[in-house]
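Secondary and tertiary structure notes
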Amino acid sequence: MSLNKAFTIFGGTGDLTFRKLMPAQYNMTAANAEEAQSRIIIIGRRDYTTEQYCELVRDWVKKFARLPYEEKTFEVFAKRISYFKMDISDLNEYARLSEYYTAENIDDHVFYLAVAPKFFGVIASGLKAVKEASLGKVILEKPFGEDLESAKELNKQLETFFPAENIYRIDHYLGKEMVRNIQTIRFTNPIFANLWNSQYIESVQISAFEDLGIGTRGGYYDTSGALKDMVQNHLFQILSIVAMEWPEQFSTTAMHDAQLRVLRALRPVEDVRDSLVLGQYKGYRQEKSVPTDSTTETYAALRLFIDNERWWNTPFYIRTGKKLRCREMQIAIVFRQTFISAPRNILIIKIQPNEGVHLQFNVKTPGDTDEITQAKMDFSQSSSISSRINTPEAYERLITACIKGERSWFSQWDQIETSWDYIEHLKDLYRWDKLPVFTYEQGSYGPAEADNLLKRFGDEWVF
């Protein structure tokens, strides 16, 4: 273990840390990853000893770790952990944290801010009292601000302390295996690479369904909603990966520039009725910490266009929502018909919970007939036990990338700023036109108005 290196988690007693970050660190320890050689410093307000904290972590690791729990491995993992009690909102406490680092000879830092955005600036200010902290790296959880103005202020605060290249804005969707696979599927297969444009593709659909509601997150979610919680960050990032031009080289800079060009090419909306439907599931207003007159959307469906040569007039449909029929995330590439009676070819990239690729294509119906039927080919990556065991989970992959200094799969500030600007303007148009937030039944596919949005233009959702 490298005693001078520390991976410090602010918000170390929160749900994200227990469910994702600590199981990821355990997996890295079990895999003998080089990046699992640092100390893990847990910052929290609760009155735990390190031993008590490790006992809590043990149960979460057993439940959520990708790799099997083994007592010897956990003992090695637990030796990396130290619990440090402090109030992160009290700037005076950071001098004590600095003294702790000095006493432990820790001077090489990665800080993970697993806290609400309102604490990002406070922590950055507090870390000014910590020796060598400004030379470290910082990982931020979304959302990156509550709106464009607050996001700009937050970025300014962080960049006055940390160098821009040391700020890692994590989007765990970008660490998912099939999101990472999009480029390989598209660029290394001529049957797709040569057809990946508006001449052959009729529409692109990105769907992110959740079957759960907001749980105990009512206070946060009601100030956010589906557009800010999912579309502005996760789904716009995926859209930019699907639609980007072939980078001259797969470097951090080239990837970033290609994605940014897509986001900046999003066509300004003229008639919001043709571009956006918002919904709210029945019973949302009875959720804990939600106002009884809330108009916050728990569902959003969008019809967007990218104004460039490759995608001219090809609609990109995005939908996401809570309390829907299933938990499912996928990208559907709908190819144009060769003639009117032939069903469309459809390529589906399944991201979660099942991972894989599904292709629908046309064949002649067996027998003495010229009728066409659809054949389906499936590659199910998640059906393979070895694939599940050997594939790092998103947080493992992104923590490792940060430690190595690989920035390709992290959101950059100009991408975030562009996305915020587009979404805020879209939501303003919806509000100015006094359009309703439609209710929908729990366990459904969302409001019927989202289906009608596509039907008006001769399209339909793939599922």
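Residues numbered from 1 in each chain as written. Predicted model: local features only at pLDDT ≥ 70, side-chain atom pairs only at ≥ 80, totals over all residues. Heavy atoms only, no water.

**Thoughts on the sheet that holds strand β11 (residues 328–335)**
To be explicit about the condition: Strands were regarded as paired on the criterion that DSSP finds at least two bridges between them. Secondary structure elements are taken from DSSP: a helix is a run of H or I of four residues or more, a strand is a run of E of two residues or more, and numbering for both begins at the N terminus. Interaxial angle, 0 to 180 degrees, is taken between N-to-C directions of lines fitted to C-alpha atoms, where a helix line uses only the stretch in contact. Two residues form a contact once any of their heavy atoms are found within 4.5 Å.
Strand order in this open sheet of 9 strands is β14-β13-β12-β11-β7-β10-β9-β8-β15, and the pairing throughout is mixed. The open sheet terminates on both sides in strands that have one partner only, identified here as β14 (372–380) and β15 (437–440). The average undirected angle you get between the axes of adjacent strands in this sheet is 15°. Sheet analysis places strand β9 (residues 299–304) next to strand β10 (residues 316–321), joined by 6 bridges and oriented antiparallel. Considered in β10, the bridge of tyrosine 299 is made with glycine 321. Against the sheet, helix α15 (residues 448–455) makes contact with β7 (201–209), β8 (276–281), β9, β10 and β15, and its axis sits at roughly 10° relative to β9, the strand it touches most.

**Description of the nonpolar core**
The condition that has to hold: Among the buried residues, those of types Ala, Val, Leu, Ile, Met, Phe, Trp, Tyr and Cys that are joined through side-chain atoms within 4.5 Å form a nonpolar core. Throughout this description, buried means an accessible area under 20% of the type-specific maximum (1.4 Å probe, protein chains only), exposed means over 50%, and partly exposed covers the range between.
Tyr112, Ile238, Leu302 and Ile331 are the most contacted members of the largest nonpolar core, which totals 107 residues. It is helix α10 (residues 226–243) that provides the largest number of residues to this core, a total of 11 residues. Not counting residues within four places of it along the chain, the set of residues in contact with isoleucine 331 comprises Ile182, Val204, Gln205, Ile206, Ile238, Val242, Leu347, Ile348, Ile349 and Ile351. Judged by nonpolar contacts, the second largest core, of 34 residues, contains Ala6, Ile43, Tyr100 and Ile123.

**Section: helix α2 (residues 50–64)**
Quick note on the threshold: Here a helix's expected span is defined as the number of its residues, less one, multiplied by 1.5 Å. Regarding the arc, it is the one traced by the directions from the helix axis to the C-beta atoms.
Given a rise of 1.5 Å per residue, 15 residues ought to cover 21 Å, and the 21 Å separating the end C-alpha atoms of α2 matches this to within 8%. All of the buried residues in α2 are Tyr53, Cys54, Val57, Arg58 and Val61. Angularly, the buried residues of α2 cover 155° about the axis, an arc narrow enough to put them on a single face. Counted as exposed and oriented over 90 degrees from the buried face of α2: Asp59 and Lys63. Contacts from the buried residues of α2 go to α1 (15–30), β2 (38–44), α3 (71–78) and β3 (81–85).

**Brief notes about the pairing of strand β13 (residues 356–364)**
Pairing between strand β12 (residues 346–352) and β13: 5 bridges, direction antiparallel. Note on β13: the bridge partner recorded for isoleucine 346 is glutamine 360. In terms of strand pairing, β13 meets β14 through 9 bridges, oriented antiparallel. Within the sheet, the bridge partner assigned to histidine 358 lies in β14 and is aspartate 378.

**Considering the packing of aromatic side chains**
For the record, the criterion: Stacked, tilted and edge-to-face are the three classes applied to pairs of Phe, Tyr and Trp rings, where Trp contributes its six-membered ring and a pair requires centres within 6.5 Å; stacked means planes under 30 degrees apart, edge-to-face means over 60, and tilted covers the rest.
Counted according to the given criterion, the structure contains 29 aromatic pairs. Taking the centre distance of 5.0 Å and the plane angle of 85° together, the rings of tyrosine 168 and phenylalanine 410 count as edge-to-face. Here phenylalanine 410 lies in the loop between α13 (394–404) and α14 (413–432) and tyrosine 168 lies in strand β6 (residues 167–169), a separation of 242 residues in the sequence. By relative accessible area, which is 2% here, tyrosine 168 ends up buried.

**Thoughts on the packing of helix α7 (residues 177–187) against α10**
Packed helix pairs are characterised by how far apart their axes lie and by the angle those axes make with each other. For the record, the criterion: Small angles under 35 degrees read as roughly parallel and large ones over 145 as roughly antiparallel, with 65 to 115 read as roughly perpendicular and the rest as oblique. Rotating anticlockwise by less than a right angle from the far helix to the near helix defines a left-handed crossing, while the corresponding clockwise rotation defines a right-handed one. Polarity classes work like this: nonpolar for Ala, Val, Leu, Ile, Met, Phe, Trp, Tyr, Cys and Pro, charged for Asp, Glu, Lys and Arg, and polar for all others, with Gly in that last group.
Closest axis-to-axis distance for the α7/α10 pair is 9 Å, and the angle between their directions is 15°. Classified by the interaxial angle, the pair formed by α7 and α10 is roughly parallel. Helix-helix and strand crossings are classified by hand; for α7 and α10 the assignment is right-handed. Judged by residue contacts, Val179, Ile182, Gln183 and Arg186 of α7 engage Ile238, Ile241, Val242 and Ala243 from α10. Of the residues belonging to the contact of α7 with α10, the class tally is 6 nonpolar, 1 polar and 1 charged.

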